[in-house]
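Spelled out, the chains give:
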Protein chains: 2
Amino acid sequence: MAELNLLQKKILADGVIKSGDVLKVDSFLNHQIDVPFLSELGRQFKRLFANRPVNKILTIEASGIGVACLTAVHMGVPVLFAKKSAGSNMDADVYATEIKSFTHHNVNRVIVSKKYLNAADHVLIIDDFLANGCAIEGLMDLAGQAGATVEGVGICIEKGFQGGGDALRKKGVNLKSLAIIEKMDAGTGTIVFRE
Amino acid sequence: MAELNLLQKKILADGVIKSGDVLKVDSFLNHQIDVPFLSELGRQFKRLFANRPVNKILTIEASGIGVACLTAVHMGVPVLFAKKSAGSNMDADVYATEIKSFTHHNVNRVIVSKKYLNAADHVLIIDDFLANGCAIEGLMDLAGQAGATVEGVGICIEKGFQGGGDALRKKGVNLKSLAIIEKMDAGTGTIVFRE
């Protein structure tokens, strides 16, 4: 068995498995944010996509913003985060798509301003979780509408057993996940990572 | 007249005044995020609160998360972001408050998990905007429920003419804003900063 990496160790130490295939990592990833730790994950994303001409990181509010910013700070690029609803001071001139949420069992209209995404952009999509892949497909759809090139997708925790990641890989998406969970069991509290 | 600081210059260069006292800074602050620039603002917050024993940064989703993380990375502390609704994998065991939104004309129930905020915490509250002060009062309420000490409040852009910031200062809050707008005029496109 390969040695566990930084994020895999952190998941085993601090993650809590709940029924319904929910992995709670809100002590360091998506409620409380362990910023020095996520900054280290950001360095790993920078290395993983070092051969790609990335000029912008694309993510989605809210829990993607932290890891996206802490990756962008190492890469020296801006972050653009897709918004889940049109606020009163949001331009009407937006790309829009619909994303189903696995966690919240709802559908969100998600938008980015046309001003900040265009055919000259080479984006790296970053998110905290990938389960069925709907959020990433939505972000790729927004990039596609803008004519932007998706250079890669960087995920902290992929739920491999839900299949979304492998479906994206089959389509040729340059997807890299720092930890892929093959199996987890709320009863025994065990997690098996893909090697 | 004093020389303009980094953020004031950026607001004049890239901000757009809209009717209804709306200042759009979504090119660098709250949609697209100019990460290297916000990291510099984070350094300024670190200097401004250097004399306080801060062990955690508290902010609110979504647009506070970027600047909070890019401040925390310099201070070496975690970020805790308050969530606007209870998701299905959120603990029931939360502190909750209600925050009125100036921008969206609605009221949000805002929560933090009791696990991540307690009487031992010395928090720095960070947010992108301060207008009527409702978001900051809500975050201070959450900290108060936890028995945590609020060491300070750091704001990027304060709309001084709405009075929320001065009301907080009158109550003794250690509030520092990087740019305070005294007046702005959508017709002429002019902005006057407090010196």
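Residues numbered from 1 in each chain as written. Chains lettered and ligands numbered in written order. Predicted model: local features only at pLDDT ≥ 70, side-chain atom pairs only at ≥ 80, totals over all residues. Heavy atoms only, no water.

### Things to note about the interface of chain B and chain A
Note the cut-off: We call two residues in contact whenever any of their non-hydrogen atoms come within 4.5 Å of each other. Here the quantity called buried area is the accessible surface, traced with a 1.4 Å probe, that two parts lose on coming together, added over both. Salt bridge, as applied in this entry: a Lys or Arg side-chain nitrogen positioned within 4 Å of an Asp or Glu carboxyl oxygen. Two N or O atoms count as a polar contact when they lie within 3.5 Å, although within protein this holds only if one can serve as hydrogen donor and the other as acceptor, and sequence-adjacent residues are included solely when both atoms are side-chain atoms. Going along the chain from the N terminus, every DSSP run of H or I of four or more residues is numbered as a helix, and every run of E of two or more is numbered as a strand.
Chain B puts 41 residues into the contact, and the matching count from chain A is 41 residues. Of the roughly 3300 Å² buried where chain B meets chain A, counting both sides, 62% is carbon and sulfur surface. Here chain B and chain A share 0 salt bridges between them. Here chain B is connected to chain A by 14 residue pairs in polar contact (both at pLDDT 80 or more). At the level of secondary structure, the elements contributing two or more residues to the side of chain B that touches chain A comprise strand E2 (22-24), strand E3 (32-33), helix H2 (35-48), helix H3 (63-75), strand E5 (79-82) and strand E7 (106-113) of chain B. The greatest single-element share of the side of chain B that touches chain A, amounting to 7 residues, is contributed by H3 of chain B.

### Looking at the relation of the copies chain B and chain A
Inclusion rule: Fitting of the copies onto one another was done by least squares over C-alpha atoms, counting residues only where both copies have pLDDT of at least 70.
Mapping chain B onto chain A leaves a residual RMSD of 0.0 Å; the transformation is a rotation of 180 degrees accompanied by 0.0 Å of translation along its axis. Overall, the copies show the geometry of a two-fold rotation axis. Ranked by how close their C-alpha atoms come to the rotation axis, the residues of chain B are headed by Ala62 of chain B, at 2.6 Å. The residues that chain B uses at the interface reappear at the interface of chain A in 100% of cases, marking a shared surface.

### Let's talk about the sheet that holds strand E5 (residues 79-82) of chain A
Put simply, the rule is: Only strands that DSSP links by at least two bridges are regarded as paired with each other. What counts as an axis is a line fitted to C-alpha atoms, over the stretch in contact for a helix, and the angles between N-to-C directions run from 0 to 180 degrees.
Strands sit in the order E11(A)-E10(A)-E9(A)-E8(A)-E4(A)-E5(A)-E3(B) across an open sheet of 7 strands; the sheet is mixed. Edge strands, defined here as strands with exactly one partner in the open sheet, are strand E11 (190-193) of chain A together with E3 of chain B. Bridge count between strand E8 (residues 122-130) of chain A and strand E9 (residues 149-159) of chain A: 8 bridges; the pairing is parallel. In the strand pairing of E9 of chain A, Leu130 of chain A is matched with Glu158 of chain A. Set on the sheet, helix H2 (residues 35-48) of chain A makes contact with E8, E9 and strand E10 (175-185) of chain A; between it and E10 of chain A the angle comes to about 120 degrees.

### Looking at the packing of helix H1 (residues 6-14) of chain A against H2 of chain A
All names here are of chain A. Under the convention used in this document: Under the convention adopted here, Pro, Cys and the residues Ala, Val, Leu, Ile, Met, Phe, Trp and Tyr are nonpolar, Asp, Glu, Lys and Arg are charged, and Gly plus all remaining residues are polar.
Close contact between H1 and H2 brings their axes to 10 Å; oriented N to C, the two are set at 145 degrees. Side by side, H1 and H2 meet where Leu6, Leu7 and Lys10 of the first sit next to Phe37, Glu40, Leu41 and Gln44 of the second. Here the residues of the contact of H1 with H2 sort into 4 nonpolar, 1 polar and 2 charged.

### Considering the confidence of the model for chain A
Put simply, the test is: On a scale of 0 to 100, pLDDT captures the predictor's confidence in every residue.
Residues at a pLDDT of 70 or more form 96% of chain A, whose mean pLDDT is 94. The ipTM for the predicted assembly is 0.95, set against a pTM of 0.96.

### Focus on the sheet that holds strand E11 (residues 190-193) of chain B
Taken in spatial order, the 7 strands of this open sheet run E3(A)-E5(B)-E4(B)-E8(B)-E9(B)-E10(B)-E11(B), and their pairing is mixed. In this open sheet, the two strands that pair with only one neighbour each are strand E3 (32-33) of chain A together with E11 of chain B. Strands strand E4 (56-60), E5, strand E8 (122-130) and strand E9 (149-159) of chain B of the sheet are contacted by helix H4 (residues 134-146) of chain B, whose axis makes an angle of about 165 degrees with E8 of chain B.

### Digging into the packing of aromatic side chains
Residues and elements named next belong to chain A. So the rule is basically this: Pairing of aromatic side chains here covers Phe, Tyr and the six-membered ring of Trp, requires ring centres within 6.5 Å, and sorts the geometry by plane angle: under 30 degrees stacked, over 60 edge-to-face, intermediate tilted. To sort residues, take the accessible area from a 1.4 Å probe on protein chains only and compare it with the maximum for the residue type: under 20% means buried, over 50% means exposed, and anything in between is partly exposed. Only when the NZ of Lys or the CZ of Arg is both within 6 Å of the ring centre and within 35 degrees of the ring normal is a charge said to sit over the ring.
Taken as a whole and assessed by the stated rule, the structure comprises 2 aromatic pairs over all chains. Taken together, a centroid distance of 5.7 Å and an interplanar angle of 90 degrees make the contact between Phe28 and Phe37 edge-to-face. A residue is classified by how much of its surface remains accessible, and Phe28, at 1% relative accessible area, is buried. Classification of Phe37 by relative accessible area gives buried; the value is 11%. The residue whose ring lies beneath Lys10 is Phe37, and the NZ or CZ to ring-centre distance is 4.8 Å.

### Some words on helix H3 (residues 64-75) of chain A
Two residues of an α-helix separated by three or four positions point the same way, owing to the 3.6 residues in each turn. Residues and elements named next belong to chain A. Note the following rule: Multiplying 1.5 Å by the residue count of a helix minus one yields the expected span of that helix.
Taking 1.5 Å per residue, 12 residues should reach 16 Å; H3 reaches 16 Å between its end C-alpha atoms and fits that length. The element H3 is extensively covered by neighbouring structure, given that 11 of its 12 residues are classed as buried. Of all the residues in H3, the buried ones are Gly64, Ile65, Gly66, Val67, Ala68, Cys69, Leu70, Thr71, Ala72, His74 and Met75.

### Section: the side chain of Asp128 of chain A
For clarity, the threshold we go by: Positive charges come from Lys and Arg, negative ones from Asp and Glu, while His and the chain ends are left out of the count.
As for its position among the elements, Asp128 of chain A is in strand E8. Within the buried core, Asp128 of chain A has no salt-bridge partner, and the shortest N-O distance to an opposite charge, that of Lys83 of chain B, equals 7.4 Å. Engagement of the side chain of Asp128 of chain A in a polar contact is seen with the side chain of Ser63 of chain A, the distance being 2.9 Å.

### Here's the deal with the pairing of E10 of chain A
Residue and element names in this part refer to chain A. Examined bridge by bridge, E9 and E10 share 6 bridges and lie parallel to one another. Pairing of Val153 across the sheet is with Leu175, part of E10. The sheet contact formed by E10 and E11 spans 4 bridges and is antiparallel. Of the residues in E11, the one forming a bridge with Met184 is Ile191. Here E10 folds back onto E11, and the loop between the two strands holds 4 residues, one of which, Gly189, carries a positive phi near 75 degrees.

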